[in-house]
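Observations on chain architecture
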Amino acid sequence: MKVKNESYQKFLDLKSEYERTTDYEKLEGDIRRALQERKRRRVTRRILAWSSSAAAVLAVGAVLLWEYTGSPRVQAVKTSVSIAEAPQGEEVQDKVILVMADGKRVNMTEMRQDSMTLGTATVMGEEGRIIYASDRTQTDSLQPEHLEMNRVIIASGGLYSLQLSDGSRVWLNSETEMEYPVLFGRGERVVKLSGEAFFEVAPDAARPFIVEANGIRTRVLGTSFNIKAYRNETNISTTLFTGKVQVSAEADSTRSVLLTPGKQADWNRESGQMRVSKANLEHTLAWKEGLFLFNKENIEVVSRQIERWYGVKFIYETGEKTDYTFNGYFSKDETLVSILEAFTFAGGPVFEIKGEVVYVKNK
């Protein structure tokens, strides 16, 4: 990265001043409040901070540096296929797929204000949502073994929501799959999840709602909560917003924890240990609001989230450091190129894009 000496010295002075005077907790709170007001606007101010064992560079200072040097370009980033060239907001085919019980696949991004009948349920397609409508009296006689199952698949860069036949609502993050009955019958309401989803469960004391997610079983009666259970993540997290949920490992249901609002259960698949801690609710729900939000996250955690949205793969060159951590807030409307350039400019590593692969290098 080439920066004029005079401007760079001003940036270092600003950086030092920010490190000395900034109340980071207050700053983060102010940022979250501002983001809640703006939410999905395309122009979202980016507040970034990379840090490593060598340095901590605030992009608040970097933003001020732009005023001295003009709009920055990271010379080391070269694109063989520029992802920035793709039109923003353009629908990607097959981003949301509904798989029927008979194996038929329906592209839901093409389903607009249409409806179809599945058994005794009517499925209606809306902008970004599927609604299953049914008469509860028709479901009481259904036995679990006779339930007709559907599966929805969300590809990279997709966000979608469902309203299940019992009235429960589910928001699904990118690279997520969920299997569920077209109609819930007697007994437990069971869905299977891989990926990340936020649930608002319709209360029904006679029929507990169960989410099975890569080895974790979450049992609720009526509440709202988030589950993050990606196959390439070691931890599976359940975060409770309202009500109560019981979380246990499927392999050992005798060991369970009961969560109260504002708490999060993290189960480590390698160690088998369950840990309960206070949750950062705004951080947990950032994806649902169309944002990337990182709080002292390692670069490998950051890159996995970017992979799921932009459909790329990060590769770290042999021997390169991966001890960068990142604080940042981005709109998902940003292009991949602009995000990577901002990362590098704010003190992070250098990125090189070749097709659908992003190579990570130290400066």
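Rules used throughout
- Residues numbered from 1 in each chain as written.
- Predicted model: local features only at pLDDT ≥ 70, side-chain atom pairs only at ≥ 80, totals over all residues.
- Heavy atoms only, no water.
- Core = buried A, V, L, I, M, F, W, Y, C linked by side-chain atoms within 4.5 Å.
- Buried < 20%, exposed > 50% of the residue type's maximum accessible area, 1.4 Å probe, protein only.
- Helix = DSSP H or I, 4+ residues; strand = E, 2+ residues; numbered from the N terminus.
- Phe/Tyr/Trp six-rings, centres within 6.5 Å; stacked < 30°, edge-to-face > 60°.
- Pairing = 2+ DSSP bridges.
- Axes fitted to C-alpha atoms, helices over the stretch in contact; angles between N-to-C directions.
- Contact = heavy atoms within 4.5 Å.

Considerations on the nonpolar core
Of all hydrophobic cores here, the largest spans 40 residues; its most connected members are Met178 and Phe199. No other element matches strand 12 (residues 189-200), which puts 4 residues into this core. Counting residues in hydrophobic clusters, the runner-up holds 22 residues, among them Phe292, Phe294, Tyr310 and Phe326.

Points about the packing of aromatic side chains
Counted by the stated rule, this structure contains 14 aromatic pairs. Note on Phe198 and Phe241: the rings are 5.1 Å apart at their centroids and 85° apart in plane angle, and the pair reads as edge-to-face. Of this pair, Phe198 sits in strand 12 while Phe241 is found in strand 16 (residues 235-242), placing the two residues 43 residues apart along the sequence. As far as the burial class goes, Phe198 and Phe241 line up, both buried. For the ring pair Phe330 and Phe343, a centre distance of 5.5 Å and an interplane angle of 70° mean the geometry is edge-to-face. Residue Phe330 is found in strand 23 (residues 325-331), and its partner Phe343 is found in helix 7 (residues 336-345); the two are separated by 13 residues along the sequence.

Focus: the pairing of strand 16
For strand 16, the buried fraction is high: 6 of the 8 residues fall into the buried class. Both strand 15 (residues 224-229) and strand 16 contribute to a ladder of 5 bridges, which runs antiparallel. Directly across from Lys228, in strand 16, lies its bridge partner Ser237. Following strand 15, the chain reverses through 5 residues before pairing antiparallel with strand 16. Bridge count between strand 16 and strand 19 (residues 263-268): 5 bridges; the pairing is antiparallel. Counterpart to Ser237 in the pairing with strand 19 is Asp266.

Topic: the sheet that holds strand 25 (residues 357-361)
Spatially, 22-25-24 is the arrangement adopted by the 3 strands of the open sheet, whose pairing is mixed. Unpaired on one side and paired on the other, strand 22 (313-316) and strand 24 (350-354) mark the two borders of the sheet. Averaged over all adjacent pairs, the angle separating strand axes in this sheet is 25°, with direction ignored. By the bridge criterion, 4 bridges tie strand 22 to strand 25 in an arrangement that is parallel. Looking across to strand 25, one finds that Phe314 is bridged to Val358. Here helix 6 (residues 299-310) sits on the sheet and contacts strand 22 and strand 25; the angle it forms with strand 22, its principal contact strand, is near 150°. In the packing of helix 7 onto the sheet, the strands contacted are strand 22, strand 24 and strand 25, and the crossing angle to strand 24 comes to about 155°.

Keep in mind these values describe shape, not function.
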